[in-house]
Amino acid sequence: MGVMPAEENLEPLQQFDMARAACSMARGHYKEHLIVFNDSVREKEILEQRLQNDLRRALDSFEFEVYYQPKYDIQSDTPRLMSAEALIRWQHPELGLISPDSFIPVFEKNGKIGEVDKYVWAEAAKQIAKWRAEYGVTLPVSVNLSRVDVFDPALEETLDGIVRQNGLEQEVLKLEVTESAYTENADQVIRVVERLRRKGYVLEMDDFGTGYSSLNMLSAMPVDVLKMDRMFIRNIEHSEKDIQLVALILGIAKSMNIPVIAEGVETEEQIRLLKDLGCQIVQGYYFSKPLHPKEFEIRILQRVAEEKR
Ligand code: C2E
Ligand code: CA
Ligand code: CA
């Protein structure tokens, strides 16, 4: 719902437009369901319009870049690079570097997210194949699927095409779907995800713990991996309750044979606690922020060198 408090010196049509702008803002938002028009809504509307206008040029002139954030196995003797997550960046010629949180919702709203995501999936697949050819290691990369992509009837075909063109197997291009997509459109998501899994894709439930699915729903959900949201990790050093919560999630996942990836791990103490609790895979600033592929290659070389030792 969008709200514009009545103002006498404005034309009704103007006020209606303002309410509509607030409404459109609420539509792109997954938490706020009611937004009241103000200057920040106006500024956001102008920015969104700009981003929408610039999308075509951005795709054609390669303004989008894909960064890779490593995921490490912390249960081995020394942490071992296992895989990565592909995260998009927009290097805008006038606005500078734009974070995905600012533009993904805009393109989800106007239906263009599919084009952006396809670009990222194709880049990630190319990158896996390139690393395989150059370093002889196959490092799986997870890509993000928007909640909107799940409604694209050509999704499976698109992914298969990308995998095939790069000579890959389905399981090395892993798919992250946010938990709230599962709960908002359960039937549709479950149907699509089931089909993808049968083909060999690995489905990771992203942001687990933020989307109001209860733990007992998990057994009915088609997922291969849980990505525990970083809000669970943030305070574990300071809160016994949070430790218990993480232990509980790890315990239930383990009993269902679902591996867990901890997101947003930033400190050594968090690593120590997660290791003690039996969590195996960790992603976060402690190991690295998302990296340009050139920087990421240094990590691969490190792993290759360790394996030769
Ligand atoms: P996400 O999928 O949950 O990705 C993780 C986000 O957490 C990334 O933000 C990453 O940089 C950040 N992060 C990683 N480690 C840490 C940490 O230790 N501490 C903190 N505070 N943050 C950490 P980023 O790259 O800005 O991406 C934001 C969101 O945008 C992503 O959240 C994802 O939902 C979306 N996104 C990114 N790339 C794509 C894409 O290609 N397609 C779609 N549909 N969505 C994308
Ligand atoms: Ca993700
Ligand atoms: Ca996440």
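Everything that follows concerns the structure shown earlier in this document.
Rules used throughout
- Residues numbered from 1 in each chain as written.
- Chains lettered and ligands numbered in written order.
- Predicted model: local features only at pLDDT ≥ 70, side-chain atom pairs only at ≥ 80, totals over all residues.
- Heavy atoms only, no water.
- 1 Å grid on protein atoms, 1.4 Å probe; cavity = no way out; pocket = protein on both sides within 12 Å on 5 of 7 lines; lining within 4 Å.
- Points joined across faces, edges and corners; volume = space filled by probe spheres on them.
- Helix = DSSP H or I, 4+ residues; strand = E, 2+ residues; numbered from the N terminus.
- Nonpolar A, V, L, I, M, F, W, Y, C, P; charged D, E, K, R; others polar.
- Donors = N, O, S within 2.8 Å, 3.2 Å for Na, K, Ca; no water.
- Buried < 20%, exposed > 50% of the residue type's maximum accessible area, 1.4 Å probe, protein only.
- Near = heavy atom within 4 Å.
- Polar contact = N/O pair within 3.5 Å; in protein donor to acceptor, adjacent residues only side chain to side chain.
- Areas by Shrake-Rupley, 256 points an atom, 1.4 Å probe, with all protein chains shown as cover.

**Q** Would you mind going over empty space enclosed by the protein with me for this structure?
**A** Empty space among the atoms can be located by rolling a probe the size of a water molecule over them. Overall, the coordinates contain one cavity of 30 Å³ or more when judged by the stated rule. Its volume calculated, the largest cavity comes out at about 40 Å³. Of all elements in the fold, only helix H5 (155–165) and helix H7 (186–198) reach the threshold of two or more residues within the lining of the largest cavity. Top element by residues in the lining of the largest cavity is H7. It accounts for three residues. Class assignment of the residues belonging to the lining of the largest cavity gives a composition of five nonpolar, no polar and three charged.

**Q** Whenever I open this one, the coordination of the calcium ion (ligand 3) confuses me. Can you help?
**A** On the protein side, the calcium ion (ligand 3) has Asp206 (OD), Asp207 (OD), Glu263 (OE) and Glu263 (OE) as donor atoms, found 2.3 to 2.5 Å from it. In primary-sequence terms, the residues that donate to the calcium ion (ligand 3) follow D-D-x55-E. A separation of 4.1 Å is found between the calcium ion (ligand 3) and the calcium ion (ligand 2), both of which receive a donor from Asp206. Remark: Glu263 occurs in the loop between strand S10 (260–262) and helix H10 (268–276) and Asp206 occurs in strand S8 (residues 203–208); sequence separation between them is 57 residues. For Glu263, a relative accessible area of 12% corresponds to the buried category.

**Q** So what exactly am I meant to see when it comes to the site of ligand 1 here?
**A** Lining the immediate surroundings of ligand 1 are 22 residues, of which Gln69, Arg89, Asp117, Glu266 and Tyr285 lie closest. At 3.2 Å from an oxygen atom of ligand 1 is found a side-chain nitrogen or oxygen belonging to Glu85. Taken by itself ligand 1 offers 800 Å² of open surface, and the protein chains cover 85% of this. Within the residue set of the shell around ligand 1, elements represented by two or more residues are strand S4 (80–92), helix H3 (100–109), helix H4 (113–135) and S8. When residues in the shell around ligand 1 are grouped by element, the largest group, four residues, is from S4. In terms of residue class, the shell around ligand 1 is built from eight nonpolar, five polar and nine charged.

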